[in-house]
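What follows is the residue order along each chain.
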Amino acid sequence: MDLEEINTVAVLGAGNMGHGIAEVASLAGYDVNMRDIKDEFVQGGYDKIEWSLGKLADSEQISEDEADAALDRVTPLVDLEETVADADVVIEAVPEKMDIKEDTWTDVEEYAPEHTVFTTNTSSLSITDLSEFTDRPERFCGMHFFNPPIRMDLVEVISGEHTDDATLDIVEDLADDFGKTPVRVRKDVPGFIVNRVLVPLMNEAAWLVDEGVATIEEVDATTKFDIGLPMGSFELSDYVGIDVGYHVLDYMHEVAGERYEPAPMMVEKVENEEFGQKTGQGFYDYEDGDGADVSMDDDLFNETVKERLLAALANEVAFLVGDDVASPEEIDTAVKLGGRWPKGPAKFADEYGVAELADALDEAYEASGHPRYEAFDYLATVAEEGGFYDQAEGDAEGTPDFDTLEISYPGDMVGQIELSRPQQMNSISLELIEDLDAAIDLFEEDDDVRAVLLTGAGSKAFSAGADFMSIAGGGADPFNAVELSKYGQETFGRLEQVEMPVVAAIDGYCLGGGMELATCADIRVASSRSEFGQPEFNLGLLPGWGGTQRLQRIVGMGRAKEIIFTAERFPAEEMEEFGFVNEVYDPDEFEAAAVEYAEKLAGGPPLAQRFTKRAMLKGWDDSEAGLEVESLGFGHVVGSEDVHEGINAFFGDDDPEFEGK
Ligand SMILES: C/C=C/C(=O)SCCNC(=O)CCNC(=O)[C@H](O)C(C)(C)COP(=O)(O)OP(=O)(O)OC[C@H]1O[C@@H](n2cnc3c(N)ncnc32)[C@H](O)[C@@H]1OP(=O)(O)O
């Protein structure tokens, strides 16, 4: 079957996952039959889809017409036969109980057409076992979405023992067409990829407390502010639901052995029905206490905790890679998208040192004898090779791989830097500034790049400013903060100094440090749905990446103070009136228009551009000096081939082709 042959998708279950998957499929243009066992259930799911589409339209992510059309494509049903009778693909998202799934699949098999591909959205049951409830196990695979499907980009596409490659290919194509990132899980291992990594992490955290190595407070401060994960380990458990993590762990324990024995404190929480946020009590108290208020105090950071947690991650990654379930890149992509991590577990392990982590694991095994510390065989190989990644890697063209940026060449002589942390609204971490520094070097050294286009990944944000984790990291140490501020000021300032034009193309939020970055571009274009602001005062901070100086030079002191002191958000049109934005485009034409703008500047005269940038920058501080650079520049270019070309083209009524000579 080809993607073009898929028209109707049946989604079984209209609960949290089911209605979310149905919404994603209908937004991608598919007819969706959404089914639940009772009218009220399916209607509840339908109402939630309507509400969510309305929110997307309100925030201009889709138009009202698109929202109406997507809702029209969803048919709520109770009758199973009617639901699957014309389905090309079935996505089953019924409760995670083997007997319910068995009954569902037995019925689906009876009513679905011969050609239909079957998928299940399970997080903890065996794909192979489920596939055997049907007569077509070779055309059955896992399609694991993350909650909420509309916001989470990852879909794990899981092979059962009987699944054929054509089925995995078509389901990946479908996930891709849904606008998601599919990651193939080549074997039906418990936990697949994301849970296989996250659940042992949460379990190890609990063991560390049970065994008296550290307190919950220490473990979470270390996880969140020393390692740099988005949540503390216990905070994560409470957020996911301790029962949910336990359920996956219990299955791993049953299938994969004693190394996955749940920690006693986890068992106790489940027995007491203290499941976390949803019950008001978990590892933290959400009813009478402050909830998960993780401290940034670096006195709480504990090196043993850090090492053991990273060692647990490295060991699971080694298992997945060694058993050919997925590659380090695939694992990192999955966990970054599914866990909203800033980088993947293989990268974290490499940065710490896999050999050190392997040693730490061996020592812990020797000391405690607990099977969870037993290293998988492949970990030793990785340690010997120096890590999961080849340290000198880059892509085929030799372009370095950045974790936080994407480099591309979208138009003639245009080099694009895309801030690429869409899960975190492209917020700016220390690592992103380092990558930006290196990306600017790359383009400066590349004679084929004559204009830089700066964008943010996804359609929500150019950048929501400084990454809160970077501000909070290191226990919010003042000396580190001064360094971070200076490094940002200097690196963003390099965009003013590079000798070619820089266009910032802003689609979505452009806030705080994101706006300070855009301020350093020569030209700013924006989509009409973009919003700008310096919200630092709301946080008790001040703009620390040049905002107190550079903004006023563009919009004037009065407007700059208005933007900074009110900390409000300003729409693109207003920022155009302020003189901050040069052009505002409709979102549909924005991307092409931004590339076209950059291409136009890339075709300009490089020598004249270089001296003009230099003179204008110099003149900001000192106009006499600026005028001096201007006249020297004028003298420099006047005899150049570019001027010759420009004048000839003028008389020949032609377009000049400048070469920077
Ligand atoms: C020297 C420089 C200093 C500064 O720049 S200070 C920072 C100034 N910036 C801000 O104060 C903006 C903070 N962000 C926001 O106000 C909101 O976000 C937005 C208005 C941009 C978007 O709101 P919504 O559409 O409701 O999305 P969401 O759920 O708030 O965010 C989606 C995910 O993005 C993460 N995120 C947003 N901003 C940041 C940030 N600045 N640093 C790190 N993460 C950020 C969130 O936490 C969340 O993540 P999850 O989905 O995992 O919960």
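Please read these numbers as outputs of a predicted model, since none were measured by experiment.

**Section: the sheet that holds strand 2 (residues 31-35)**
The mixed open sheet is built from eight strands, whose spatial order is 3-2-1-4-5-6-7-8. Because the sheet does not close on itself, it has two edges, and the strands there are strand 3 (74-77) and strand 8 (181-185). Adjacent strand axes in the sheet meet at a mean angle of 25° when their direction is disregarded. Bridging between strand 1 (residues 8-12) and strand 4 (residues 89-92) involves four bridges; their strand directions are parallel. In the sheet register, Leu 12 faces strand 4, and the bridge partner there is Glu 92.

**Structural notes on the pattern of salt bridges**
What the rule picks out here adds up to 30 salt bridges. Across the pair Glu 92 and Lys 101 runs a salt bridge whose closest N-O atoms are separated by 2.7 Å. Overall, the relative accessible area of 0% leaves Glu 92 in the buried class. Note on Lys 101: relative accessible area 0%, which makes it buried. Through salt bridges with shared partners, a single network forms among Asp 437, Asp 441, Glu 444 and Arg 494.

**Section: the site of the ligand**
In the vicinity of the ligand there are 24 residues, among which Arg 340, Lys 460, Ala 464, Ala 466 and Gly 513 approach most closely. A distance of 3.0 Å separates an oxygen atom of the ligand from a polar atom in the side chain of Arg 151. Separating an oxygen atom of the ligand from a side-chain N or O atom of Arg 340 is a distance of 2.8 Å. In the complex, the protein chains occlude 70% of the 980 Å² of accessible area that the ligand would expose alone. Put simply, the parts of the chain that give the shell around the ligand at least two residues each are helix 19 (468-472), strand 14 (509-511) and helix 21 (513-519). Residues belonging to the shell around the ligand are distributed by class as follows: 10 nonpolar, seven polar and seven charged.

**Details of the UniProt feature "domain: 3-hydroxyacyl-CoA dehydrogenase NAD binding" (unreviewed entry) in the chain**
UniProt marks residues 8-188 with the feature "domain: 3-hydroxyacyl-CoA dehydrogenase NAD binding" (unreviewed entry), using the numbering shown here. The span residues 8-188 carries 43% helix and 22% strand; its end-to-end C-alpha distance comes to 27 Å.

**Some details on the packing of helix 20 (residues 478-497) against helix 26 (residues 606-621)**
Orientation of helix 20 relative to helix 26, taken along the N-to-C sense of each, is 130°, at an axis distance of 9 Å. Considering the angle they form, helix 20 stands oblique to helix 26. Every residue of helix 26 that contacts helix 20 at Leu 495, Glu 496 and Gln 497 is listed here: Lys 613, Leu 617 and Trp 620. Partitioning the contact of helix 20 with helix 26 into residue classes produces three nonpolar, one polar and two charged.

Rules and cut-offs
- Residues numbered from 1 in each chain as written.
- Predicted model: local features only at pLDDT ≥ 70, side-chain atom pairs only at ≥ 80, totals over all residues.
- Heavy atoms only, no water.
- Pairing = 2+ DSSP bridges.
- Helix = DSSP H or I, 4+ residues; strand = E, 2+ residues; numbered from the N terminus.
- Axes fitted to C-alpha atoms, helices over the stretch in contact; angles between N-to-C directions.
- Salt bridge = Lys/Arg side-chain N within 4 Å of Asp/Glu carboxyl O.
- Buried < 20%, exposed > 50% of the residue type's maximum accessible area, 1.4 Å probe, protein only.
- Near = heavy atom within 4 Å.
- Polar contact = N/O pair within 3.5 Å; in protein donor to acceptor, adjacent residues only side chain to side chain.
- Areas by Shrake-Rupley, 256 points an atom, 1.4 Å probe, with all protein chains shown as cover.
- Nonpolar A, V, L, I, M, F, W, Y, C, P; charged D, E, K, R; others polar.
- UniProt positions renumbered as here; feature names shortened; annotations may be inferred.
- Parallel < 35°, antiparallel > 145°, perpendicular 65-115°, else oblique.
- Contact = heavy atoms within 4.5 Å.

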